[in-house]
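Fold and geometry: a report
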Amino acid sequence: MTTILAIESSCDETSAAVISNGKIRSNSVATQVIHEKYGGVVPELASRAHQQHIVPIVEKALQEAKVSKKDLNAIAFTRGPGLLGALLVGSSFAKALALGLKIPLIEVHHMHAHVLAHFIEEPTPSFPFLCLTVSGGHTQIVLVHDALSMEIIGETQDDAVGEAFDKTAKLLNLPYPGGPLIDKYAQQGNPLAFTFPLSEMPGLNFSFSGIKTAILYFLQDKTRKNPQFVEENLADVCASVQYTLIKMLLLKLRKAAKKTGISQIAIAGGVSANSGLRKTLLEMGEKEQWKVYIPRFEYCTDNAAMIAIAAHFKYEKGDFCKQTVSPLPRMVF
Ligand code: KG4
Ligand code: ZN
């Protein structure tokens, strides 16, 4: 039996998971709440919180999996992309543990891991498939040839869609991270109440900076006329913004499916937890005769189980890294 301990610390979630022969045995996540009052992730505070959480969260993951350190065959960690100080905590811990236990070390690309989260449990997509990866830092359409070979065929040229959600929430005076709250209020609102412009980005690329500015001007104009506008129309504004963002994502995804002729379609990353996106994708999938794959909520946002499954594929190929490896905040895909 091959057992791997995986660690994720790229942003504001400290997570550890244990995998044996490709089956997840535990996945512990410590979410850092400290950033809420600052309206966004504060890198220095994230590093400090990772430092506090990493030992207990690893112990928890090992206990839940009923595994002791001597049973481990490899240690995996997120090398990048992410916040340098945050990545340093996970990578240093992983390196020290692997050195102490005299076992191999496996580096994982955070965005590859979001895609490979689809192999944590059934049903799993078959290759090749398309994955729309949508998070706080990325918006990508990925053509997945196999577990260790994938390429970006479309991506955002400016903001990530998660940022568009979070920045809209900030304009609406909602706490950070606002994406889940927009989702919640949108469920009670009318998506056609207000219209926002779709981006004109050519090909399979995205742009979300224009809509962000449009929302800002829209809200400034409305609140000048009625200072209570946001309170009185919160659900409708959330529903309309969410509707527009989802439309922008799915128009490009449909274009990618047509261009590649691939009809196995997956979504991944934090924003794939959005209930409107999940529902609309399923509806579009039925119309377009796609086979749609949507991970369970806990495997959409940052977690170490996805790092563990990525490490499992790398272990099988003997793809290990050296002790001299260092984190890459802007790790290339
Ligand atoms: O993948 P993730 O956990 O971290 C990054 O690697 O960025 O994604 C976090 C992003 C945040 O922007 C958050 O607001 C967004 O995912 N998010 C959502 C929802 N849940 C998380 N956005 C919209 N609706 C949701 N339900
Ligand atoms: Zn992520």
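Structural data are supplied above this passage.
Before going into details, it helps to say that this report is about the structure given with it. All residue numbers refer to positions counted from 1 along the written sequence of the respective chain. The order in which chains are written sets their letters, starting at A; the order in which ligands are written sets their numbers, starting at 1. Only residues with pLDDT of at least 70 are given local features in this predicted model, and only at 80 or more are side-chain atom pairs given and counted; all residues enter the totals for whole chains, interfaces and linings. To get the side-chain values, take all heavy atoms of the structure and skip hydrogens and water.

1. What to know about the side chain of His114
As a reminder, the rule being used: Here a helix means four or more residues in a row that DSSP labels H or I, a strand means two or more in a row labelled E, and each is numbered from the N terminus. Whenever a nitrogen or oxygen atom comes within 3.5 Å of another N or O atom, the pair is scored as a polar contact, on the condition that within protein one atom can donate a hydrogen and the other can accept it, and that pairs from neighbouring residues in sequence are kept only if both atoms are in side chains. For this analysis, residues touch if any pair of their heavy atoms sits within 4.5 Å.
With respect to the helices and strands, His114 occurs in helix 3 (residues 110-116). One polar contact links His114 to Asp302, side chain to side chain, over a distance of 3.1 Å. Not counting the four nearest positions on each side in its chain, His114 is found in contact with Thr133, Ala268, Gly269, Gly270, Cys300, Thr301, Asp302 and Met306.

2. Remarks on the site of ligand 1
Our working rule: For each residue, the test is whether any non-hydrogen atom lies within 4 Å of the molecule or strand; if one does, the residue is near. Shrake-Rupley sampling with a 1.4 Å probe provides the accessible areas, and residues are treated as covered by the protein chains on show and by no other component. When residue character is reported, Ala, Val, Leu, Ile, Met, Phe, Trp, Tyr, Cys and Pro are called nonpolar, Asp, Glu, Lys and Arg charged, and the others, Gly included, polar.
Among the 18 residues in the neighbourhood of ligand 1, the closest are listed as Gly136, Asp166, Asp183, Gly270 and Asn274. Contacts to ligand 1 include Gly136, whose backbone N or O atom sits 2.8 Å from an oxygen atom. At 2.9 Å, a side-chain N or O of Asp183 approaches a nitrogen atom of ligand 1. Coverage of ligand 1 by the protein chains reaches 89% of its 550 Å² of free accessible surface. Taken together, the elements giving at least two residues each to the shell around ligand 1 come down to helix 3, helix 4 (161-171) and helix 5 (179-186). When its residues are assigned to classes, the shell around ligand 1 shows 5 nonpolar, 10 polar and 3 charged.

3. Concerning the packing of helix 4 against helix 6 (residues 209-225)
Put simply, the rule reads: Lines fitted to C-alpha atoms define the axes here, with helix axes fitted over just the stretch in contact, and angles between the N-to-C directions of these axes take values from 0 to 180 degrees. Just so you know how the angles are binned, under 35 degrees is roughly parallel, over 145 roughly antiparallel, 65 to 115 roughly perpendicular, and the rest oblique. In this scheme the handedness of a crossing depends on how the near helix is turned from the far one: anticlockwise by less than a right angle means left-handed, clockwise means right-handed.
Interhelical geometry of helix 4 versus helix 6 gives an angle of 15° and a closest axis separation of 10 Å. Looking at the two axes, helix 4 sits roughly parallel to helix 6. The chirality of how helix 4 crosses helix 6 is right-handed. Residues Lys167, Thr168 and Leu171 of helix 4 form the contact with helix 6, whose participating residues are Lys212, Ile215, Leu216 and Leu219.

4. So, the sheet that holds strand 3 (residues 23-31)
In plain terms, the rule: Being paired, for any two strands, means DSSP has found at least two bridges between them.
Read from one edge to the other, the open sheet built from 5 strands follows the order 3-2-1-4-5, with strand pairing classed as mixed. Every other strand in the sheet has two partners, leaving strand 3 and strand 5 (105-109) as the edge strands with one partner each. Here the average twist between neighbouring strands, direction ignored, is 20°. Of the pairings in the sheet, the one linking strand 2 (residues 13-20) to strand 3 comprises 8 bridges and is antiparallel in character. Opposite Ile19, over in strand 3, you have Ile24 as the bridge partner. The strands touched by helix 1 (residues 43-65) are strand 1 (3-8), strand 2 and strand 3; relative to strand 2, the strand with the most contacts, the crossing angle is about 25°. Here helix 2 (residues 84-101) sits on the sheet in contact with strand 1, strand 4 (74-80) and strand 5, set at roughly 155° to strand 4.

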